[in-house]
Amino acid sequence: MASIFQGFGAATSLSSSASFDTKKLQFSSLRSLSGKRASCVVVRSGGVKMDSDSNRIGGRGDQLVTNAVATKVDNPAASTASKPGHELLLFEALREGLEEEMERDARVCVMGEDVGHYGGSYKVTKGLAPKYGDLRVLDTPIAENSFTGMGIGAAMMGLRPIIEGMNMGFLLLAFNQISNNCGMLHYTSGGQFKIPVVIRGPGGVGRQLGAEHSQRLESYFQSIPGIQMVACSTPYNAKGLMKAAIRSDNPVILFEHVLLYNLKERIPDEEYVLNLEEAEMVRPGEHVTILTYSRMRYHVMQAAKTLVNKGYDPEVIDIRSLKPFDLYTIGNSIKKTHRVLIVEECMRTGGIGASLTAAITENFHDYLDAPIMCLSSQDVPTPYAGTLEEWTVVQPPQIVAAVEQLCR
Amino acid sequence: MWKHLPLWKLLSTVELSTSITKSKAIFSSALNFDYSKPHYIKFFSSGLYFIILFLFLFFSDPSPNLTFQSLQQPKTTTDAMALARRSSGLLKPLSTASSSSLLQRRPFSTDDTTTITVETSVPFTGHNCDPPSRSVDTTPKELMTFFTDMAFMRRMEIAADSLYKSKLIRGFCHLYDGQEAVSIGMEAAITKKDCIITAYRDHCIFLGRGGTLLESFAELMGRQAGCSRGKGGSMHFYKKDACFFGGHGIVGAQVPLGCGLAFAQKYRKEDHVTFTMYGDGAANQGQLFEALNMAALWDLPAILVCENNHYGMGTAEWRAAKSPAYYKRGDYVPGLKVDGMDAFAVKQACKFAKEHALKNGPIILEMDTYRYHGHSMSDPGSTYRTRDEISGVRQERDPIERIRKLIFAHDLATEKELKDIEKQARKEVDEAIAQAKESPMPDESELFTNVYRKGYGVESFGTDRKELRATLP
């Protein structure tokens, strides 16, 4: 797989990053692929009003996506020298957060398929089993329903398990345990038991993984009372949210994305914990509020650069907390811009965007100058063919077109 | 005692004549009296009348199932023992009865030191293990405690039945009467640090774990004084300080939870076990076998207890399971089949299972038990089984009656004392119901409490540790 991307990397002239070691290559190949795909889509979607600036998308987008990754927008320099903190990939950030919490509290344990000896199918738990032992980093058989139930039972007794689903789609098998026992036990027991589990795993549309392995479960879990849902998108917030989720006494479902595991970023050396219910201001702006999460953040930032060139000033917020919504940050933003665009990877019907639209309409209707637009994935099973798969998710040109329509 | 005697009994000539015949037979056999000569009949019949009257007064019983049936053929060895003791010295119980009522009041035995050895009704059947012995040691105090606790449980379930019919309890109400021996026997073998988790038939297990009648009834009626503050209902009784983990509505979902409890016990290196209870209906759930596989793989101290009452709601076990030998379905996991209506068999089995689980990992106990009520209050319980079957089991295998006979056999209490205990149970249950009715419904604000543990707003700091981020409303 690395060799194919290497080919792509060589073909498109890339960003200002100087050296190419393998890790950076993977990251840059991600950008290049998305850049390349963006240009493909532009060619095909003749209906979209694209002017000669389209040529600049491919070139500039790669550079500018680098900026979109960093949470501090006022740091345009991409040079990696003499900056505080350390650089790592997103899965390493997750591992760092996990390890710090396991070190800090002996009750924290991990259970999942292939988390121990194999090191985790996405290497998030690599190296933990030799360090903490087989009981604390537990390799389970392929029995999602019952090992999720086991984790919840252990949590009732006072442990703090982290249950990993190898792919979020497999957690559908554990839906009963997550819904009834995880979410509701604190309530139905009158407050006697707390269930401090973290259920995490990668979801989302990947690289031609097929329909069953490309599911977005946020929409299915969102109406379960008693749980919290967060989605991480950068190494910085991945580590912070992982630590916050482990420390929280509520059951938290942490949604990761298959394609974001190799994102590289510089994160601080000292310990930090993020707020589970807070949204992240990625790029402040004036004209339109774009709400997004997980992988779509990168598509939005890519589109944002195009929009900036066209003279729009989008405010991009990564909502991060899918349940409950951070209506405080979102509301302040809406009061400023009066226009909302939601860009999500969830399905159109009953997705996070649909709930968010309803919540915004209920609370901030008077502040809106235009109807809320919601761009989501198509209501189809994700096809295997690469081109079809591209069309199921939202692409940057669609975002640009939507903003233009909103701000008309 | 006199006022409890129904008049018709005294005056019914049919009853008298049968009693005369029976007592004559016993009398004659005891004294080798040849009553074939007619003049002796005339002489003794009047005297016999008074003796029979005396017998009536001391052995009559308001409860329907103990009139002359106690003198029927014994079905169990304990019954045989009781009967042998009764009839071999006919005058002996009579004398003790008379002495207790007329002379001094012998208090029922709360002796904790004398050991009584009791044989279980049937031997244990083992699968992949050596079954424990049939002889169980107990003390008089334990026997009396068994009787008292089971009387309370039985009374509570019957009262819940009538509360449901008067619409004070709504929704689902699954009653445990008939199965009390499982709960009682289990509690006798374990400590309050051993965990129990069960499905929705949890009222009596909650009581056994130390829950109060008030908490039960208040929870059933949805009041604030309930164990789950009225927000759980019949299927969600929990008691954390006694390690009772509920109370679960979805069939079979509690088994992986139970293995999780055992996992935590092993993780923390505690010397305790978890009893994960489920029914014959849940024994066909896949998650049970998944959980059993994991428990056996990691040697978790989990004991899976199948309360086989032979009916999964309306479906008999032979119609639902290809192999109704639930104790064998663990395959590589050892199993034990236990008579679940015999509290001592349950006690012995649970003791054995606890020792086994702490050393070797999981074990399955199948409790052969029976529920008199239907699956829940909306199920009459007679469409899929005959009333004869229910009354037959009630006569032959009722757990409370077994203890009662044991108590009589060992002369630990008189019938009146046991009746008093039952009356006391009735009184306390009525009091608890009255108190629960007075407890208010939960406040409206309780709708939103306990959804999340701490509410919103985990504190978070920026990287410079100085800036405290806002907490959300």
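A. Inspection of the nonpolar core at higher detail. Of all hydrophobic cores here, the largest spans 80 residues; its most connected members are Phe221, Ile319 and Ile360 of chain A together with Phe263 of chain B. For this core, the element with the highest residue contribution is helix α10 (residues 254–267) of chain B, accounting for eight residues. Ranked by size, the runner-up nonpolar core spans 74 residues in total, among them Phe206, Ile303, Met367 and Ile400 of chain B.

B. Main features of the interface of chain A and chain B. With 58 residues of chain A at the interface, the matching set in chain B holds 53 residues. Taken over both partners, the interface formed by chain A and chain B buries close to 4,800 Å², and the fraction arising from carbon and sulfur atoms is 62%. Its largest share of buried area at the contact with chain B, chain A owes to Met150, Met157 and Tyr187 of chain A, together 16% of the area lost on that side. Between the two partners, chain A and chain B, sit zero salt bridges. Inspection of the chain A/chain B interface yields 17 residue pairs in polar contact (both at pLDDT 80 or more). Contributing elements (two or more residues each) for the side of chain A that touches chain B: β2 (108–112), β3 (137–139), α6 (144–156) and α7 (175–188) of chain A. Here the side of chain A that touches chain B gets nine residues from one element, more than from any other, and that element is α6 of chain A.

C. Quick look at α10 of chain B. Residue and element names in this part refer to chain B. Taking 1.5 Å of rise per residue, the 14 residues of α10 would be expected to cover 20 Å, and the 20 Å separating its terminal C-alpha atoms lies within 8% of that figure. Of all the 14 residues making up α10, 13 are buried; the element is thus mostly covered by neighbouring parts of the structure. After α10 finishes, the residue lysine 269 shows a positive phi value of roughly 55 degrees.

D. Spotlight on the sheet that holds strand β14 (residues 373–377) of chain A. All names here are of chain A. Ordered in space as β9-β11-β10-β13-β14, the five strands form an open sheet in which the pairing is mixed. Either end of the sheet is taken by a strand with one partner, and the two such strands are β9 (280–283) and β14. Neighbouring strand axes in the sheet, compared pairwise and without regard to direction, differ in orientation by 25 degrees on average. Of the pairings in the sheet, the one linking strand β13 (residues 340–347) to β14 comprises four bridges and is parallel in character. The partner of valine 343 across the bridge, within β14, is leucine 375. Contacting β10 (288–292), β13 and β14, helix α12 (residues 352–364) runs over the sheet at an angle of about 150 degrees to β13.

E. Here's a closer look at helix α16 (residues 415–438) of chain B. Counted at 1.5 Å a residue, the expected span for α16 of chain B with its 24 residues is 34 Å, and the 35 Å between its end C-alpha atoms agrees. If you check which residues of α16 of chain B are buried, you get Glu415, Glu417, Leu418, Lys419, Ile421, Ala425, Val429, Ala432, Ile433 and Ala436 of chain B.

F. Region of interest: the confidence of the model for chain B. Residues and elements named next belong to chain B. With 74% of its residues at a pLDDT of 70 or more, chain B has an overall mean of 81. Note on residues 61–105: pLDDT under 50 across the span, and 53 contacts to partners over four residues away in sequence or across chains. Contacts of residues 469–473 to residues separated by more than four positions or lying in other chains number 11 contacts, the stretch itself having pLDDT below 50. For this predicted complex, the interface score ipTM comes out at 0.76, alongside a pTM of 0.76.

G. View of the environment of glutamine 405 of chain A. Residue and element names in this part refer to chain A. Along the polypeptide, glutamine 405 turns up in helix α14 (residues 396–406). Under the relative-accessibility criterion, glutamine 405 is labelled partly exposed at 46%. Along the primary structure glutamine 405 and tyrosine 122 are separated by 283 residues, whereas in three dimensions their C-alpha atoms are 40 Å apart.

H. A look at the side chain of serine 214 of chain A. Residues and elements named next belong to chain A. Summarising the element assignment, serine 214 is placed in the loop between β5 (198–203) and α8 (218–221). Take serine 214: its relative accessible area is 1%, and that puts it in the buried class. Among all residues touching serine 214, those that are not within four sequence positions of it are Gly204, Val205, Gly206, Leu209 and Thr382.

I. Region of the structure containing the state of the cysteines. Summed over the entire model, instances satisfying the criterion amount to zero disulfides over all chains. Cysteine 109 of chain A takes part in no disulfide bond, and the closest cysteine sulfur to it belongs to cysteine 182 of chain A, at a distance of 14 Å. The thiol sulfur of cysteine 306 of chain B is not disulfide-bonded, and the nearest other cysteine sulfur, from cysteine 350 of chain B, lies at 13 Å.

J. Seen up close, the confidence of the model for chain A. Overall, the predicted model of chain A reaches an average pLDDT of 82, with 80% of residues at or above 70. The low-confidence segment residues 1–80 of chain A, where pLDDT is below 50, has 85 contacts with residues more than four positions distant or belonging to other chains.

K. Representation of unusual backbone geometry within the structure. Note the cis peptide between lysine 323 of chain A and proline 324 of chain A, where omega equals 0 degrees. On the secondary structure map, proline 324 of chain A appears in the loop between β12 (321–323) and α11 (327–337). Here the residue pair glycine 246 of chain B and glycine 247 of chain B is connected by a cis peptide bond, since its omega of 20 degrees sits within 30 degrees of zero. Considering the arrangement of structural elements, one finds glycine 247 of chain B in the loop between α9 (213–220) and α10. Here the phi dihedral of lysine 269 of chain B falls at roughly 55 degrees; this positive angle occurs in a residue that is not glycine. Tracing the backbone through its elements, the reader meets lysine 269 of chain B in the loop between α10 and β5 (274–279).

L. Up close: the pattern of salt bridges. Residues and elements named next belong to chain A. Going through the model one piece at a time under the given rule, you end up with 43 salt bridges over all chains. Close ionic contact of glutamate 101 with lysine 243 constitutes a salt bridge, the shortest N to O distance being 3.3 Å. Of this pair, glutamate 101 sits in helix α4 (residues 90–104) while lysine 243 is found in helix α9 (residues 235–247), placing the two residues 142 residues apart along the sequence. A salt bridge links arginine 107 to aspartate 105, with the nearest nitrogen and oxygen atoms 3.1 Å apart. The class of aspartate 105 is buried, set by a relative accessible area of 14%. Shared partners join several salt bridges into a network, and the residues in it are Glu96, Glu100, Glu101, Arg104, Lys239, Lys243, Arg247 and Glu271.

M. Geometry of the packing of helix α7 (residues 180–189) of chain B against helix α13 (residues 343–360) of chain B. Residue and element names in this part refer to chain B. Between α7 and α13, the shortest axis-to-axis distance is 7 Å and the interhelical angle comes to 45 degrees. By the criterion of interaxial angle, the relationship of α7 to α13 is oblique. Here α7 runs over α13; the crossing is right-handed. Packed against α7, whose contacting residues are Ala181, Val182, Gly185, Met186, Ala188 and Ala189, the element α13 presents Ala343, Val346, Lys347, Cys350 and Lys351 at the interface. Taken together, the residues of the contact of α7 with α13 sort by class into eight nonpolar, one polar and two charged.

Rules of the game
Residues numbered from 1 in each chain as written. Chains lettered and ligands numbered in written order. Predicted model: local features only at pLDDT ≥ 70, side-chain atom pairs only at ≥ 80, totals over all residues. Heavy atoms only, no water. Core = buried A, V, L, I, M, F, W, Y, C linked by side-chain atoms within 4.5 Å. Buried < 20%, exposed > 50% of the residue type's maximum accessible area, 1.4 Å probe, protein only. Helix = DSSP H or I, 4+ residues; strand = E, 2+ residues; numbered from the N terminus. Contact = heavy atoms within 4.5 Å. Buried area = accessible area lost by both parts, 1.4 Å probe. Salt bridge = Lys/Arg side-chain N within 4 Å of Asp/Glu carboxyl O. Polar contact = N/O pair within 3.5 Å; in protein donor to acceptor, adjacent residues only side chain to side chain. Expected span 1.5 Å × (residues − 1). Pairing = 2+ DSSP bridges. Axes fitted to C-alpha atoms, helices over the stretch in contact; angles between N-to-C directions. pLDDT = per-residue confidence, 0-100. Disulfide = S-S within 2.5 Å. Parallel < 35°, antiparallel > 145°, perpendicular 65-115°, else oblique. Left-handed = near helix turned anticlockwise from the far one by under 90°. Nonpolar A, V, L, I, M, F, W, Y, C, P; charged D, E, K, R; others polar.

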